[in-house]
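Coordinate inspection notes
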Amino acid sequence: MKKTLSINISGFVFHIDEDAYEKLHRYLEAIKFHFRGFKGKDEVIADVEARVAEILQKKISESKEVITLEDVDEVIGIMGQPSDFGVEEEDGAG
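Now for a description of the structure that goes with this document.

Before going further, it helps to examine the pairing of strand S1 (residues 4-9). With 6 bridges connecting them, S1 and strand S2 (residues 12-17) associate as antiparallel partners. Paired with Asn-8 across the bridge in S2 is Val-13. Connecting S1 to the next strand, S2, in antiparallel fashion are 2 residues, including Ser-10 with a positive phi near 55°.

Structure below.
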């Protein structure tokens, strides 16, 4: 038996295994950290979260209602690691 949580990503509610939540949370936090010095970071992060939600929605069906660790691994595989985004930090001006 696994514990599940309800989360909201980009306005969509998902039920997610606790271990999948932890990994997804770390991933999204790493993205936020990666874009911390980028002007317009809030828009970029919102776009990333919207894409994550879109991918996760495709994982849900009548017979599968909970996001698993495998689903999160697939999301990360599709989206790539934060370092793959290739955004360089700005010089803090602004």
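And the narrative resumes.
Spatial ordering of the open sheet is given by S1-S2-S3, a layout of 3 strands whose pairing is mixed. Single-partner strands in this sheet number two, and they are S1 and strand S3 (66-67). Packed onto the sheet, helix H2 (residues 41-57) meets S1, S2 and S3 and runs at close to 65° relative to S2.

When helix H3 (residues 69-79) is considered as a whole, its buried residues turn out to be Asp-71, Val-72, Val-75, Ile-76 and Met-79. What you see down the axis of H3 is that its buried residues fit within an arc of 140°, all on one side. Relative to its buried face, H3 has exposed residues pointing more than 90 degrees away, namely Glu-70 and Gly-77. At its buried positions, H3 is contacted by S2, helix H1 (18-34), H2 and S3. Downstream of H3 by a residue or two, Gly-80 has a phi angle that is positive, lying close to 90°.

Once that is clear, we can look at the nonpolar core. Ile-9, Leu-24, Val-52 and Leu-56 are the most contacted members of the largest nonpolar core, which totals 20 residues. Contributing elements (two or more residues each) for this core: S1, S2, H1, H2 and H3. Among residues more than four places away in sequence, those in contact with Val-52 are Ile-9, Leu-24, Leu-28, Val-75 and Met-79.

Quick look at the side chain of Lys-59 now. In this fold, Lys-59 is placed in the loop between H2 and S3. Look past the residues within four positions of Lys-59 in its chain and what remains in contact with it is Lys-64, Ile-67, Asp-71 and Glu-74.

Our focus in this paragraph is the packing of H2 against H3. Remark: H2 packs on H3, axes separated minimally by 10 Å, with the N-to-C direction vectors making an angle of 130°. In this view, H2 runs oblique relative to H3, as classed from their interaxial angle. In this structure, H2 crosses over H3, and the sense of that crossing is right-handed. When H2 is examined against H3, the residues Val-48, Arg-51, Val-52, Ile-55 and Leu-56 are found in contact with a partner set consisting of Val-75, Ile-78 and Met-79. The residue inventory of the contact of H2 with H3, partitioned by class, reads 7 nonpolar, no polar and 1 charged.

About the thresholds
- Residues numbered from 1 in each chain as written.
- Predicted model: local features only at pLDDT ≥ 70, side-chain atom pairs only at ≥ 80, totals over all residues.
- Heavy atoms only, no water.
- Pairing = 2+ DSSP bridges.
- Helix = DSSP H or I, 4+ residues; strand = E, 2+ residues; numbered from the N terminus.
- Contact = heavy atoms within 4.5 Å.
- Axes fitted to C-alpha atoms, helices over the stretch in contact; angles between N-to-C directions.
- Buried < 20%, exposed > 50% of the residue type's maximum accessible area, 1.4 Å probe, protein only.
- Arc of directions from axis to C-beta.
- Core = buried A, V, L, I, M, F, W, Y, C linked by side-chain atoms within 4.5 Å.
- Parallel < 35°, antiparallel > 145°, perpendicular 65-115°, else oblique.
- Left-handed = near helix turned anticlockwise from the far one by under 90°.
- Nonpolar A, V, L, I, M, F, W, Y, C, P; charged D, E, K, R; others polar.

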